[in-house]
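Fold and contact review
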Amino acid sequence: MSKIFVDACFGKETPYTPVWMMRQAGRYLPEYMKVRAEAGNFLNLCHDPKKACEVTLQPVDIVGVDAAILFSDILVIPDEMGMDLEFIKGEGPKFNDPIKDESELERLIGGDEAASKLTYVYETIKLIKEQLAEDKALIGFTGAPWTLATYMIEGQGTKTYNICKKMMYSNPELLHKILAKVTEVVKLYMEKQIEAGIDVVQIFDSWAAAIEPSKYDEFSWKYMVEIADYLKAKYPHIPIIMFPKGIPSFLDSVYGNFDVFGVDWSTPMTLAKEKLGDRYVLQGNMEPCRLYSKEATTTSVEEIQNIMGTSRHIFNLGHGILPDVPVENAKHFVSECQRVSRKS
Ligand code: 1CP
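Residues numbered from 1 in each chain as written. Predicted model: local features only at pLDDT ≥ 70, side-chain atom pairs only at ≥ 80, totals over all residues. Heavy atoms only, no water.

Before going further, it helps to spend a moment on the side chain of T147. Tracing the chain through its elements places T147 in helix α9 (residues 145-154). Engagement of the side chain of T147 in a polar contact is seen with the backbone nitrogen of W207, the distance being 3.1 Å. In this structure, T147 is in contact with I74, F204, D205, S206 and W207, ignoring residues within four places of it in sequence. (Helix = DSSP H or I, 4+ residues; strand = E, 2+ residues; numbered from the N terminus. Polar contact = N/O pair within 3.5 Å; in protein donor to acceptor, adjacent residues only side chain to side chain. Contact = heavy atoms within 4.5 Å.)

A few words now on the packing of aromatic side chains. Two aromatic rings, taken as a pair, are described by how far apart their centres are and by the angle between their planes. Scanning the model with the defined rule gives 12 aromatic pairs in all. Aromatic side chains W221 and F258 sit 5.7 Å apart centroid to centroid with 80 degrees between the ring planes, which places their arrangement in the edge-to-face category. Of this pair, W221 sits in helix α12 (residues 213-234) while F258 is found in the loop between β6 (240-244) and β7 (260-262), placing the two residues 37 residues apart along the sequence. Across the pair, F258 and W221 agree in class, each one buried. Within the aromatic cluster, the residues linked to one another by ring pairs are Y216, W221, F250, F258, F261 and Y280. (Phe/Tyr/Trp six-rings, centres within 6.5 Å; stacked < 30°, edge-to-face > 60°. Buried < 20%, exposed > 50% of the residue type's maximum accessible area, 1.4 Å probe, protein only.)

With parallel pairing, the 7 strands of this open sheet are ordered in space as β1-β4-β5-β6-β7-β8-β9. The sheet is open, and its two borders are formed by β1 (67-69) and β9 (313-314), each paired with just one other strand. (Pairing = 2+ DSSP bridges.)

Right, let's talk about helix α8 (residues 119-131) for a bit. An ideal rise of 1.5 Å per residue puts 18 Å on 13 residues; α8 measures up with 19 Å between its terminal C-alpha atoms. Among all positions of α8, only Y120, V121, Y122, T124, I125 and I128 are buried. Structurally, α8 contributes buried residues whose contacts are with α3 (42-47), α4 (49-62), α5 (76-80), α7 (111-115), β4 (137-143) and α11 (172-196). (Expected span 1.5 Å × (residues − 1).)

As a matter of local geometry, the ligand sits amid 22 residues, with R23, Y32, R36, Y151 and S206 nearest to it. Y32 is positioned with one of its side-chain polar atoms (N or O) 2.5 Å from an oxygen atom of the ligand. At 2.5 Å from an oxygen atom of the ligand is found a side-chain nitrogen or oxygen belonging to S206. Considering the ligand on its own, with 880 Å² of exposed area, one finds that the protein chains cover 87% of that surface. Cavity membership is defined here by more than half of the atoms lying within 2 Å of grid points; on that basis the ligand lies in the largest pocket. (Near = heavy atom within 4 Å. Areas by Shrake-Rupley, 256 points an atom, 1.4 Å probe, with all protein chains shown as cover. 1 Å grid on protein atoms, 1.4 Å probe; cavity = no way out; pocket = protein on both sides within 12 Å on 5 of 7 lines; lining within 4 Å. Sits in = over half its atoms within 2 Å of the grid points.)

Once rolled over the atoms, a probe with the size of a water molecule shows which space is left empty. Looking at the largest pocket, its volume works out to about 1,500 Å³. As for the largest pocket, its lining consists of 49 residues, and the residues nearest its centre are R23, R27, D73, F87 and P93. Counting residues per element, the ones that place at least two in the lining of the largest pocket are α2 (30-39), α3, β2 (85-88), β3 (92-95) and α9. Looking at side-chain class alone, the lining of the largest pocket contains 25 nonpolar, 15 polar and 9 charged residues. Of the voids in this model, the second largest pocket is the one considered here, and its volume is about 150 Å³. No other element matches the 4 residues that helix α14 (residues 294-308) contributes to the lining of the second largest pocket. (Points joined across faces, edges and corners; volume = space filled by probe spheres on them. Nonpolar A, V, L, I, M, F, W, Y, C, P; charged D, E, K, R; others polar.)

Structure, rendered in structure tokens:
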């Protein structure tokens, strides 16, 4: 059966514009909180294919989105490269051994050896595919090498990125070596996700905006394109979504062999359509905080629909849903997207 979502990623005609929400499996759902409590902690949940499958399917059943996104985290990649990941309550992710120099980089596990350790992800994908309705797509994902490297170098989330940037300007060779090593693992990791059964790939460059525009291609985009080229050469039927967050000035320089460009909420959809709409299907881009109000949600969905028309678009938020959004409002967003874009 052809999946509306996959068809839409390739710019084919669909009965309506499909919709999903970034971070749709998560803390705003009481059903997620229950499974997470049973798992004990967040990483246990990622490591348990049965539970990860269950929370992946929740938003499809409860909210009615057209695609599921694999429940996992971008940071399982550096974790399996040998870095020691912890999720600290109230603080977020932490690596106790950030990379400071070349010898620490060399100690990290690379290539197929690291990608082969993520077996629990591939198991989760297989379980999801057994249970997901045939007309719904499963999105697999990775962090962009740059976004992953920010955590590997800083050891945690950061507002200033000062340690990464010190490396960028004083030892760019080392930063490139880190990015290249992560890129090799990500290529094989995404290949194994595809072999396990995902229908679509999304690459999250959540911290794209930390890089000055003239350096963005060198330190992030070209590595994302390298991953896309590798996957497209082997799996042309799998659509690839690129999501670099918060870099409207880069729209003029976007290039690469991928299918969908994810527009974040700070970038006007009209601008994205003008610059990229002929070359890529566009995804996005409602400001996620509009989900606090049903009226504000409907207004935005209608505005986006007016700009994008009924093809070459996938509805989504312009970044992740927040934990205190009422489930009713998330449902409202999804049904409004489907309503305004239905063709008959
Ligand atoms: O308490 C909890 O239950 C943990 C919260 C949580 C969840 C639900 C984290 C911790 N990760 C996730 C799941 C997750 N992470 C998914 C699958 C769920 C879905 O999308 O439906 C995905 C795709 C991610 C990806 C991810 N993790 C990104 C990129 C996406 C984005 O939002 O920009 C990033 C940056 C991370 C790192 C991360 N994971 C979790 C936290 C708290 C953080 C740090 C964020 C920060 O540094 O600000």
